[in-house]
Number of protein chains: 2
Amino acid sequence: MRFMRYLVIYDITDDNLRLRVAETLKDYGLSHIQYSAFVGALRRNKLNSLMVDLRRLIGDATENVQIYPLCDACFRGRRMIGKPKRYELDEESGKPKAAYF
Amino acid sequence: MRFMRYLVIYDITDDNLRLRVAETLKDYGLSHIQYSAFVGALRRNKLNSLMVDLRRLIGDATENVQIYPLCDACFRGRRMIGKPKRYELDEESGKPKAAYF
């Protein structure tokens with residue numbers, strides 16, 4: 001079963017929920033590329049499992065997560081403006097902290 | 001010259017700069033799909049012009065904008081969890097306000 005690359009972007013107002021979504025995405029091995037964006041490769045069954053986990057977290061809340069597959073051509077065509085930031089979850093507070101490259 | 005669809009995501013700490021980036025993306029006809037994400041189709045020359053404008057805005061600031069092309073297959077493969085939000089810039093403050101579908 002082959003991997004596919006996905007870009008996950010979220011717009012979550014609730015601080016606690018946003019943290020739990022970020023931790024979930026990190027648990028699936030995705031990389032935290034922006035404050036509200038992760039990217040990484042997943043097998044199809046892992047994507048399905050991730051969606052189940054995210055739906056369980058979000059529930060009926062007015063919050064939004066979007067997942068876009070990125071084929072090799074789309075990924076190669078990406079552009080970056082400004083500086084990349086690297087996010088890590090702070091061990092104590094669990095909140096994302098930006099570490100600059 | 002044909003259109004290509006792009007997803008633009010940004011991670012901008014400075015409130016004023018973030019607003020100016022959002023207004024620029026709106027001026028290029030892109031749709032505000034999340035607090036820090038726009039999507040829309042651009043001709044190649046418009047994409048280049050947008051990148052010039054964004055580089056001028058960002059300058060040397062430690063801020064980050066990423067642009068991903070989305071081919072038809074990638075766009076069709078998108079998944080959404082939770083509720084879509086629609087953003088509009090408030091006429092008075094110029095700040096984004098979420099309008100829920």
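Look up: the structure comes first, before these words.
Residues numbered from 1 in each chain as written. Chains lettered and ligands numbered in written order. Predicted model: local features only at pLDDT ≥ 70, side-chain atom pairs only at ≥ 80, totals over all residues. Heavy atoms only, no water.

Visitor: An account of the overall build of chain A is needed here, citing residue identities and associated values.
Guide: If you tally the helices and strands in chain A, you get 3 helices and 7 strands. Starting at the N terminus and walking to the C terminus, you meet the elements of chain A as β-α-β-β-α-β-α-β-β-β. Counted over contacts in chain A with a minimum sequence separation of 6, partners at least 24 positions apart contribute 64%. A total accessible area of about 5,400 Å² is found for chain A, and carbon and sulfur atoms account for 46% of it. (Helix = DSSP H or I, 4+ residues; strand = E, 2+ residues; numbered from the N terminus. Contact = heavy atoms within 4.5 Å. Areas by Shrake-Rupley, 256 points an atom, 1.4 Å probe, with all protein chains shown as cover.)

Visitor: Quick rundown of the state of the cysteines? Include the residues and the values.
Guide: Counted under the stated rule, the structure contains 0 disulfides over all chains. Cysteine cysteine 71 of chain A is unpaired, with the sulfur of cysteine 74 of chain A as its nearest cysteine sulfur at 3.6 Å. (Disulfide = S-S within 2.5 Å.)

Visitor: Account for the packing of helix α1 (residues 15-27) of chain A against helix α2 (residues 44-58) of chain A, with residues named and values stated.
Guide: Each pair of packed helices can be summarised by the angle the axes make with each other and by the distance between the axes. All names here are of chain A. Two numbers describe how α1 lies on α2: the axes approach to 10 Å, and their chain directions differ by 170°. Our classification of the angle between α1 and α2 gives roughly antiparallel. Facing Leu17, Arg20, Val21, Thr24 and Leu25 of α1, the residues of α2 in contact are Leu50, Asp53, Leu54, Leu57 and Ile58. (Axes fitted to C-alpha atoms, helices over the stretch in contact; angles between N-to-C directions. Parallel < 35°, antiparallel > 145°, perpendicular 65-115°, else oblique.)

These figures capture arrangement, not role.
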